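Observations on the three-dimensional arrangement
Listed below are the residues making up each chain.
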Amino acid sequence: MTFFGLSISRTFPVLLAFLLSVSCVIPAYAEDAPHEGESAQILQAFNKQHRETEHAKSITDKDKQRVMFLLGASLLTLVLITGGLGIAMGLFGKSVFVAHMIFAGLSMTLAVVHAVVALVWFYPF
């Protein structure tokens, strides 16, 4: 007699070893539930640790204003470059259309980033 193409005399020891190893698994038991006072202390410790990590990750208002200034200055620079390329193309007939479109795309992207960061950081919610 065959079992998956092998004789039963060859598969029986393997099957027996597998079944014995599965049946010898040690069960796991949960510990007793902590008392009510202990759970409150655990929650308080967790909340304290969470507040400390959030405070460590926070950015000061001065740093936020510095980031907004740098975003605004680079945005103004990109807008002036885009305008200069547009004037060069329109008035002087230069072939700078691709560069003009690239700088226009960068200007729009930075304008959206500047607006979103300003709303998230400084809008009074």
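Relevant structure appears above.
Residues numbered from 1 in each chain as written. Predicted model: local features only at pLDDT ≥ 70, side-chain atom pairs only at ≥ 80, totals over all residues. Heavy atoms only, no water.

The geometry of helix 3 (residues 61-92) relative to helix 4 (residues 97-122) is characterised by a closest axis approach of 9 Å and an angle of 155° between their N-to-C directions. By the angle class used here, helix 3 and helix 4 are roughly antiparallel. Pair helix 3 / helix 4 crosses with left-handed handedness. (Axes fitted to C-alpha atoms, helices over the stretch in contact; angles between N-to-C directions. Helix = DSSP H or I, 4+ residues; strand = E, 2+ residues; numbered from the N terminus. Parallel < 35°, antiparallel > 145°, perpendicular 65-115°, else oblique. Left-handed = near helix turned anticlockwise from the far one by under 90°.)

Attention now moves to helix 4. Look at helix 4: 37 Å from first C-alpha to last across 26 residues, which is about the 38 Å you get at 1.5 Å a residue. Among the residues of helix 4, those classed as buried are His100, Ser107 and Leu110. Buried residues in helix 4 make contact with helix 3. (Expected span 1.5 Å × (residues − 1). Buried < 20%, exposed > 50% of the residue type's maximum accessible area, 1.4 Å probe, protein only. Contact = heavy atoms within 4.5 Å.)

Now for the pattern of salt bridges. Per the counting criterion, the structure on display carries one salt bridge. Between Arg66 and Asp63 there is a salt bridge; the shortest N-O distance is 3.1 Å. Linking Arg66 with Asp63, this pair stays in helix 3, spanning three residues, or about one helical turn. Residue Arg66 is classed as partly exposed on the basis of its relative accessible area, which comes to 44%. (Salt bridge = Lys/Arg side-chain N within 4 Å of Asp/Glu carboxyl O.)

Turning to a nonpolar patch on the surface, a few remarks are in order. Together, Phe97, Val98, Met101, Ile102 and Leu106 give the surface a local cluster of nonpolar side chains, amounting to about 500 Å² of exposed area. Classification of Ile102 by relative accessible area gives partly exposed; the value is 49%. (Patch = residues over 30% accessible without salt bridge, like charges linked within 9 Å, V, L, I, M, F, W, Y side chains within 5 Å. Areas by Shrake-Rupley, 256 points an atom, 1.4 Å probe, with all protein chains shown as cover.)

Okay, the packing of aromatic side chains next. Between two aromatic rings, the relevant description is the distance of the centres plus the angle of the planes. For the coordinates displayed, the defined rule picks out one aromatic pair. Taken together, a centroid distance of 6.5 Å and an interplanar angle of 85° make the contact between Trp121 and Phe122 edge-to-face. Take Phe122: its relative accessible area is 37%, and that puts it in the partly exposed class. (Phe/Tyr/Trp six-rings, centres within 6.5 Å; stacked < 30°, edge-to-face > 60°.)

Take the nonpolar core next. Ranked by size, the top nonpolar core spans five residues in total: Met68, Leu71, Leu75, Leu78 and Leu110. In terms of residues, this core owes the most to one element, helix 3, which gives four residues. Once you skip the residues sitting within four places of it in the chain, Leu71 turns out to touch Leu110 and His114. (Core = buried A, V, L, I, M, F, W, Y, C linked by side-chain atoms within 4.5 Å.)

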